[in-house]
Amino acid sequence: MQVAIIGYGAIAAYVGRALESEGAQLSMILARAGREDAAASVFGDVPVATGIGDARPDVVVDCAGHGGLSAHGLAILGNGLPLVTLSLGALADADLHARLTQAAREGGGVLHLCSGAIGGLDALRAAAIGGLDSVTYVGRKPPQGWVGSPAEKVLDLGALDGRAAVHFDGSARDAARLYPKNANVAAAVALAGIGFDATAVTLIADPEATANIHEIHAKGAFGELSFRIEGQALEGNPRSSALAAMSAVRAVLDRRDVMRF
């Protein structure tokens, strides 16, 4: 299996190593112009390019965040290639969502949405068939996990005195817009269930939290669902989810399996 990867950060490096250990061959790394040397320092002899061009890997994996999907998604899907992405929050941009959809339909590509740092999406997607009345996502992190986000404008993250505090309560679309570095889980829940505008999101800074905690609560014709996961960071990078990286690897390996969930 020939695999191209967008990005060269911690998640991209993990995905590349894991796939190679499973027998895949890295055929190309896509990086921003001027960052080719940085990408080469991570992936060694793997060719680095700034666009997909005429390359025909078996699958492309987007590990570069919202910018990577925006920069390369249209060309990849338009060339009829499968694209696995972790950048689900980018799809809150209705215009980008529409253009990616059109490119895939016209070019024959398929955009595979990774579950990322959350689970339970299979049950949520199934429940949506019968109809969902409500879906809520609650994201809870230690205060330092929200540094650099709009939470700093709402809370004094260094002075919470052991008490958890809500700093966002709104729709998944607004959460994705305001918290782009933390939006992918909320976006995954929205896309699996009832959409960006109908999905409620609550974001919490909790001094007693020792991990990033994600919860889904849903009600509908199927009954009620509650799911909670405490995710650990990727080794060597406290800002990246280990499970998110693992989900990208799983999505690629699923393409070659003859039995799939």
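Residues numbered from 1 in each chain as written. Predicted model: local features only at pLDDT ≥ 70, side-chain atom pairs only at ≥ 80, totals over all residues. Heavy atoms only, no water.

Under an unreviewed UniProt entry, the name given to the protein is L-aspartate dehydrogenase, and the organism recorded is Thalassococcus profundi. We quote the UniProt Sequence similarities (unreviewed entry) comment for the protein here in full: "Belongs to the L-aspartate dehydrogenase family." Under the heading Pathway (unreviewed entry), UniProt records this for the protein: "Cofactor biosynthesis; NAD(+) biosynthesis; iminoaspartate from L-aspartate (dehydrogenase route): step 1/1." (UniProt positions renumbered as here; feature names shortened; annotations may be inferred.)

Participant: Residue-level account of the packing of aromatic side chains, with values.
Facilitator: In total, this model carries two aromatic pairs according to the counting rule given. Consider the rings of W146 and Y179, whose centres lie 5.9 Å apart with planes at 85 degrees: the pair is edge-to-face. With W146 in the loop between β7 (132-141) and α6 (151-154) and Y179 in the loop between α7 (172-178) and α8 (184-192), the pair connects residues that are 33 residues apart, well separated along the chain. You'll find W146 and Y179 in the same group, each marked buried. Pairing F168 with Y179 gives two aromatic rings, centres 5.8 Å apart and planes at 70 degrees, and the pair type is edge-to-face. Linking F168 in strand β8 (residues 165-171) with Y179 in the loop between α7 and α8, this pair joins segments that are 11 residues apart in sequence. Assessed through its relative accessible area of 9%, F168 is described here as buried. One aromatic cluster in this structure is built from W146, F168 and Y179. One Lys or Arg, K141, reaches over the ring of W146 and ends 4.8 Å from the middle of that ring. (Phe/Tyr/Trp six-rings, centres within 6.5 Å; stacked < 30°, edge-to-face > 60°. Helix = DSSP H or I, 4+ residues; strand = E, 2+ residues; numbered from the N terminus. Buried < 20%, exposed > 50% of the residue type's maximum accessible area, 1.4 Å probe, protein only. Lys NZ or Arg CZ within 6 Å of the ring centre and 35° of its normal.)

Participant: Could you give an account of helix α5 (residues 121-130), naming the residues involved and the relevant values?
Facilitator: Taken residue by residue, α5 has L121, L124 and A127 as its buried positions. Take α5 and look down its axis: the buried residues cluster within an arc of 120 degrees, on one side only. Away from its buried face, by an angle of more than 90 degrees, α5 presents the exposed residues D122, R125, I129 and G130. Considering only its buried residues, α5 is in contact with β7, α8, β10 (212-220) and β11 (223-231). (Arc of directions from axis to C-beta. Contact = heavy atoms within 4.5 Å.)

Participant: Outline the UniProt feature "domain: Cyclic nucleotide-binding" (unreviewed entry) in the protein, supporting the account with residue identities and numerical values.
Facilitator: If you check UniProt for "domain: Cyclic nucleotide-binding" (unreviewed entry), the listed places come out as residues 222-261 in our numbering. A distance of 20 Å separates the end C-alpha atoms of residues 222-261, which is 32% helix and 40% strand.

Participant: Can you break down the domain arrangement of the protein residue by residue, with the values?
Facilitator: Considered domain by domain, the protein is made up of domain 1 (2-116 + 244-256) and domain 2 (121-237). With centres defined by C-alpha atoms, the gap from domain 1 to domain 2 works out at 25 Å. Facing the 15 residues of domain 1 at the interface are 12 residues of domain 2. Approximately 940 Å² of surface area, both sides summed, lies buried where domain 1 meets domain 2, with 71% of it carried by carbon and sulfur atoms. The tally of links from domain 1 across to domain 2 stands at zero salt bridges. (Domains from an automatic or database assignment. Buried area = accessible area lost by both parts, 1.4 Å probe. Salt bridge = Lys/Arg side-chain N within 4 Å of Asp/Glu carboxyl O.)

Participant: Got a sec to walk through the pattern of salt bridges? Specific residues and values, please.
Facilitator: Once their charged atoms are close, side chains differing in charge can pair, the charge on each being opposite to the other. In this structure the tally under the stated criterion is nine salt bridges. Residue D254 pairs with R250 through a salt bridge whose shortest N-O separation is 3.0 Å. Taken together, the residues span about one helical turn, with D254 and R250 both in helix α9 (residues 242-254) at a distance of four residues. Among the residues examined, D254 registers a relative accessible area of 25% and is labelled partly exposed. The residue D257 makes a salt bridge to R250 at a minimum N-O spacing of 2.9 Å.

Participant: Explain the pairing of β11 to me, using residue names and the numbers behind them.
Facilitator: Working note: regular strand, side chains alternate between the two faces of the sheet. Here nine bridges tie β10 to β11, and the two strands are oriented antiparallel to one another. Each residue of the ladder has a partner; that of G220, found in β11, is G223. Connecting the antiparallel pair β10 and β11 is a turn made up of two residues. (Pairing = 2+ DSSP bridges.)

Participant: Give me the environment of S149: which residues, what numbers.
Facilitator: In this fold, S149 is placed in the loop between β7 and α6. With a relative accessible area of 10%, S149 lands in the buried category. Sequence separation between S149 and N182 is 33 residues; the distance between their C-alpha atoms is 8.6 Å. Polar side-chain contacts of S149 include one of 2.6 Å to the backbone oxygen of W146. (Polar contact = N/O pair within 3.5 Å; in protein donor to acceptor, adjacent residues only side chain to side chain.)

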